[in-house]
Amino acid sequence: MDFLDNYFKYTNNTEISGLTLELCFLYILKLYKKNNTNVLIITNSLYEANNFYNGLMTYEKSTFLFPMDDFLSSMIVAESPDLKYKRLETLAQLKNSNKKIIVTNLMGYLKFLTNKNFNFNFKISQNSNIKRDELMQKLEEFGYHRESLVTQTGEYSVRGFIVDVFPIDEIHPIRIEFDGNLADEIRYFDEDSQLSLNELKAIEIKPVDEIKTDNYSSLYEYALNPKVVFIDINQIKASYLKLQEDILNYQISKNTKDKVMFDFEDINPKDTFYLNRFGSKNNNYNAKTISNYNLNFELLQHDYKKYINEGKEVIFCLNKNNQIKKIKEILPNAKIINLEINNGFIIDKYVVIGANDLEEVKRKVINYKNNYRIGKKIKSFDQLNKGDYVVHLAHGIGIYQGIKTLNVRGATKDFLEIAYEGTDKIYVPVEKISNIYKYSDKDGTIPKLNKLGSLNWAKTKKYIETKIKDISKELIQLYQERIKIKTDSYLDYPEESVFASSFQYDLTVDQEKTIKEINNDLCTTHPMDRLLCGDVGFGKTEVAMRAIFKTILNNHQVMYLCPTTILSKQQYQVALERFKDWPVEIALLNRHITPGNSKKIIDNLKKGTIDLVIGTQNISTYISGTIKEVEAGDK
């Protein structure tokens, strides 16, 4: 959209108002591309920072989020670990020379950060000389804590001359084996099975905590004097005044005058730009958003003609083949650009309409994506109902009683109330919801509540740790046997891209990641061993369909098992629709299929004329003793 260059101004201290959110993204993007420096975006709130991060990621993948809690949450209650790890990853990215867009809120902009000259990296190479105790000391300095078994980010363990560590930016933990003071071997290992994986020549270990130093640096300094864009500066200034009040009250409560963060005036950006979406007369563009048509193409045709008659130029920004085809069909003279945008807009004589303006779609939300690894935890309140059993890491099993609003040190905050044995209760700040796990038991039995202050929970955790070690030993033996089994390595085929392109929705980030990982599994010479979890409606079926298609292309049959007869029938219909353009033979085998048809399906399976059979979990009952004779895919 080069026409925007005629409207936007990029001189220092430029102040612009009246842009839509999408036009703010495009202004920032063009500023970023016009200069060889980083661009730092400052918003009023964490919510707005996340919106800008999501929006800019559509256009520029070198966009990073530096999220910070509000003052009361971070100083009086506790900082969110998820946000902390995201900040650390962003700071690590700022150490390389490639230019970036960094999005933060006011709190992140003013935050005291580890001095930028601090040595964040500790590199260990194979056959390098390093004392084991020196490594342990460095891990402690970097914020890692010692455990008997390494399973999540930020942990390390020591067993003789073996040091396991889970660095902040790694998907799997690292195992370092010493020979005296020599780092003899460095390998990844699986945090679940504890088995070693592929070998590494070297590893860089970075801090998992925000380290305190004598002299602090600001995010602006880390970004190396970037172009700074303030979003709605008047709102930022109003928030800063409220922040100063909170800081003063905090200092009084702590009986201290020590500064807790930078003053706004302490940071003096050289090049500043102001995007004010509301309330300013300076360079006011009075741009408008596009109302969603929700597949009402008659209304779209009407509006298109109206815009043309008004002398406006209408531009469609589309990246979906079906939408491009539809627009060409109903508006043959329409100008179409193959480009993904978040939302359309109207500015001066230009009307820009995007794919998301034509129909309501589930938007991709990126949020705080990082490599931090932890067990399944509760992330939002809608995962909990009053009366649910929950597990607190420190206190054990209790009953969730709902959200309570309490006044703490003059500040009103929300807490999760959890009841324990007797009349015991605790109140957990909502910011520390990551410490709460939803209790689950395969038999649905009612658990015994723990009593606060007793040793029962500590004994239970100790017992579980012992059992985990026993199970780990069994798993290691199992996987040692499993790894000896060899299977066919699947090949990649061009038809897979064609099959993928026919999917009518955009893949989520998690779908893309999972499809890639499954594809990698199928291309190895070992049996795939993977559990894919996700709530209803999150796209597991499409992931399965692509794995099925790849398997069939590689001359293997597929058995698709479902937990219920109804679901098997539904998935059968989905498969028929998904594979309708491909010569794939599909059969349904459940208790509603007559014995005669079941026998016919089994015979065709043995002959190899059926590619995919869909049925319930007890499908082996229908196949009876012939299941071993079916030459199905090993994967």
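These numbers were taken from a predicted model, which means no experiment stands behind them.

Thresholds, definitions, all that
Residue positions are given per chain, counted from 1 along the sequence in the order it is written. Residues qualify for local features only when their pLDDT is at least 70, as the model is predicted, and side-chain atom pairs are given and counted only at 80 or more; totals for whole chains, interfaces and linings, by contrast, use all residues. Values shown for side chains rest on all heavy atoms present in the structure; no hydrogens or waters enter the calculation. Starting at the N terminus, helices and strands are each numbered in turn, a helix being any DSSP run of H or I of at least four residues and a strand any DSSP run of E of at least two. Think of it in three bands: residues with accessible area under 20% of the maximum for their type are buried, residues over 50% are exposed, and the middle band is partly exposed, with areas taken using a 1.4 Å probe on protein chains only. Residues count as neighbours in contact if any of their non-hydrogen atoms are within 4.5 Å of one another. Surface accessibility in these figures is a Shrake-Rupley result with a 1.4 Å probe; residues are shielded only by whichever protein chains are displayed. The working definition used for a salt bridge is a side-chain nitrogen of Lys or Arg within 4 Å of a carboxyl oxygen of Asp or Glu. To obtain an axis, a line is fitted to C-alpha atoms, over the contacting stretch when the element is a helix, and the angle between two such axes runs from 0 to 180 degrees between their N-to-C directions. Here the word oblique covers every angle except those under 35 degrees (roughly parallel), over 145 (roughly antiparallel) and from 65 to 115 (roughly perpendicular). By definition, turning the near helix anticlockwise from the far helix through less than a right angle yields a left-handed crossing, and turning it clockwise yields a right-handed one. Throughout, the ten residues Ala, Val, Leu, Ile, Met, Phe, Trp, Tyr, Cys and Pro are labelled nonpolar, Asp, Glu, Lys and Arg are labelled charged, and all others, Gly among them, are labelled polar. Polar contacts here mean pairs of N or O atoms no more than 3.5 Å apart (in protein, one a potential hydrogen donor and the other a potential acceptor; neighbouring residues in sequence count only if both atoms are side-chain atoms).

Once that is clear, we can look at the overall build of the protein chain. Secondary structure summary: the protein chain contains 18 helices and 27 strands in total. Burial status across the protein chain gives 46% buried among its 635 residues. Considering only contacts in the protein chain between residues 6 or more positions apart, those separated by 24 or more positions represent 68%. For the protein chain, the computed accessible surface area is about 34200 Å², with 49% contributed by carbon and sulfur atoms.

With that settled, the discussion passes to the environment of Leu605. As for its position among the elements, Leu605 is in helix α17 (residues 595-607). Taking relative accessible area as the criterion, Leu605 reaches 3% and is therefore assigned buried. With 18 residues separating them in the primary sequence, Leu605 and Ala587 have C-alpha atoms 9.3 Å apart.

Our focus in this paragraph is the pattern of salt bridges. Under the criterion given, the structure shown has 27 salt bridges. A single salt-bridge network, built from bridges that share partners, covers Lys513, Glu517, Asp521 and Arg530.

Take unusual backbone geometry next. Positive phi outside glycine occurs at Asn127, with the angle close to 70°. The topology assignment puts Asn127 in the loop between β5 (122-125) and α6 (132-141). The phi torsion at Asn286 lies on the positive side, around 50°, for a residue other than glycine. Summarising the element assignment, Asn286 is placed in the loop between β14 (271-276) and β15 (288-289). A relative accessible area of 54% places Asn286 in the exposed class.

Turning to the packing of helix α14 (residues 509-522) against helix α15 (residues 540-553), a few remarks are in order. Between α14 and α15, the shortest axis-to-axis distance is 10 Å and the interhelical angle comes to 25°. The orientation of α14 with respect to α15, classified from their angle, is roughly parallel. Where α14 crosses over α15, the handedness of that crossing is right-handed. Residues Gln511, Thr514, Ile515, Ile518, Asn519 and Leu522 of α14 pack against Glu542, Val543, Arg546, Ala547, Lys550 and Thr551 of α15. For the contact of α14 with α15, a count of residues per class yields 5 nonpolar, 4 polar and 3 charged.

Our focus in this paragraph is the packing of helix α9 (residues 297-309) against helix α10 (residues 321-330). Close contact between α9 and α10 brings their axes to 11 Å; oriented N to C, the two are set at 60°. One finds that α9 runs oblique with respect to α10. Along this stretch, α9 crosses α10, giving a crossing that reads as right-handed. From α9, Phe297, Leu300 and Gln301 reach across to α10, where they touch Lys326, Ile327 and Ile330. A class-by-class count of the residues in the contact of α9 with α10 yields 4 nonpolar, 1 polar and 1 charged.

Of note, Thr272 is situated in strand β14. Judged by its relative accessible area of 5%, Thr272 falls in the buried class. Of the polar contacts made by the side chain of Thr272, one reaches the side chain of Asn13; its length is 2.7 Å.

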